[in-house]
Amino acid sequence: MPKLQDTEKIGGSGHKVFNLKFQILNFEIWARLSGKSQLNHLICPATESSLLAAGYEVEQMKKQISVTVNGVTHQNEIEPRLLLVQYIRDVLNLTGTHVGCETSLCGACTVMVDGQAVKSCTMLAAQADGSTVTTIEGLAQGGELHPVQNGFWEHHGLQCGYCTPGMIMAAAQILQRNPDPTDEEIRHGLEGNLCRCTGYQNIVQAVQCAAKKMKSKSVAR
Ligand code: FES
Ligand code: FES
């Protein structure tokens, strides 16, 4: 096992050397107490790379999950720290769900988890184990766009389209809870979704259009 002084060579600035020493010191204390030279519990990525750089072995802890996404059940072994949005995009290759802020502010990553709109950057993939997830790719049914997708299409509810998948998922949730919302209620419901392009008016019109389409569909049934 490398000795603590070996870390002197690794850090760039004095600050980094201090941090690295601190992290390695923690690890050495843990290793001495537990009699192990291999770390196999969850650590932050920065600590992990420091330990790897210092020549320690870091064994990743994995978790088996089973998640049904857009009607297909996926079973994967993942790192416990993997975010749901990373699982959707990087493991399942469903890149319609976007990543904006990664801090739960912009709503670009919104998906449905067990019928609830969720910002998937705020949830771990491990927490979705056993759940049913719908992403923007799963909203259209039988080759037909969802009424909210149609509304955005008809009312030009987008420009660059970056916020659009999250906006559509959040709007679908609004109409699920309230089939006849006022403009005010739509604006309130979309507060957690940011768009830097449209000025929101067309988005509100798109959701109103979707509400009408959904109402006329249910009347026709
Ligand atoms: Fe999740 Fe912005 S990327 S809220
Ligand atoms: Fe560009 Fe909303 S359409 S961010």
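Residues numbered from 1 in each chain as written. Chains lettered and ligands numbered in written order. Predicted model: local features only at pLDDT ≥ 70, side-chain atom pairs only at ≥ 80, totals over all residues. Heavy atoms only, no water.

Let's talk about the confidence of the model for the protein
Parts of the model with low pLDDT should not have their predicted coordinates read in detail. Defined as follows: Each residue carries a pLDDT score, the predictor's own confidence in it, on a scale running from 0 to 100. Between two residues, a contact is recorded if the distance between any of their heavy atoms is within 4.5 Å.
A residue-level look at the protein finds 76% of positions with pLDDT of 70 or above and a mean pLDDT of 85. Counted against residues more than four places away or in other chains, residues 1-18, with its pLDDT under 50, gives 24 contacts.

Comments concerning the pattern of salt bridges
Convention followed: Salt bridges are defined as contacts in which a side-chain nitrogen from Lys or Arg sits within 4 Å of a carboxyl oxygen from Asp or Glu. Here a helix means four or more residues in a row that DSSP labels H or I, a strand means two or more in a row labelled E, and each is numbered from the N terminus. Exposed residues in this analysis have more than 50% of their type's maximum accessible area, buried residues have under 20%, and partly exposed residues fall in between, with area computed by a 1.4 Å probe over protein chains only.
Applying the stated criterion across every chain, the model contains 5 salt bridges. Asp129 serves as the salt-bridge partner of Lys63, at 3.9 Å between the closest nitrogen and oxygen. Placement of Lys63 in strand E3 (residues 63-69) and of Asp129 in the loop between strand E6 (116-119) and strand E7 (132-134) is noted, with a sequence separation of 66 residues between them. Overall, Lys63 belongs to the partly exposed group, its relative accessible area being 31%. A relative accessible area of 34% means that Asp129 is categorised as partly exposed. A salt bridge links Lys217 to Glu144; the shortest N-O distance between them is 3.8 Å. Of this pair, Lys217 sits in helix H7 (residues 201-220) while Glu144 sits in the loop between E7 and helix H4 (147-154), and the two are 73 residues apart along the sequence. Of the residues examined, Lys217 reaches a relative accessible area of 40% and is grouped as partly exposed.

Re the side chain of Ser120
Within the secondary structure, Ser120 sits in the loop between E6 and E7. Look past the residues within four positions of Ser120 in its chain and what remains in contact with it is Leu83, Leu84, Val85, Ile88, Thr97, Cys109 and Val111.

What about unusual backbone geometry?
Of note, the phi angle at Asn93 is positive, near 60°, even though the residue is not glycine. Its place among the elements puts Asn93 in the loop between helix H3 (84-91) and strand E5 (110-113). Notably, His156 is not glycine yet its phi reads approximately 50°, a positive angle. Tracing the sequence through the fold places His156 in the loop between H4 and helix H5 (164-177).

Some thoughts on the pairing of E6
Threshold: By the convention used here, strands pair only if DSSP detects at least 2 bridges between them.
Bridge count for E5 against E6 is 4 bridges, and the pairing is antiparallel. Bridge assignment links Met112 to a residue of E6, and that residue is Ala117. In this structure, the hairpin formed by E5 and E6 is closed by a connection of 2 residues, where Asp114 is found at a positive phi of approximately 50°.

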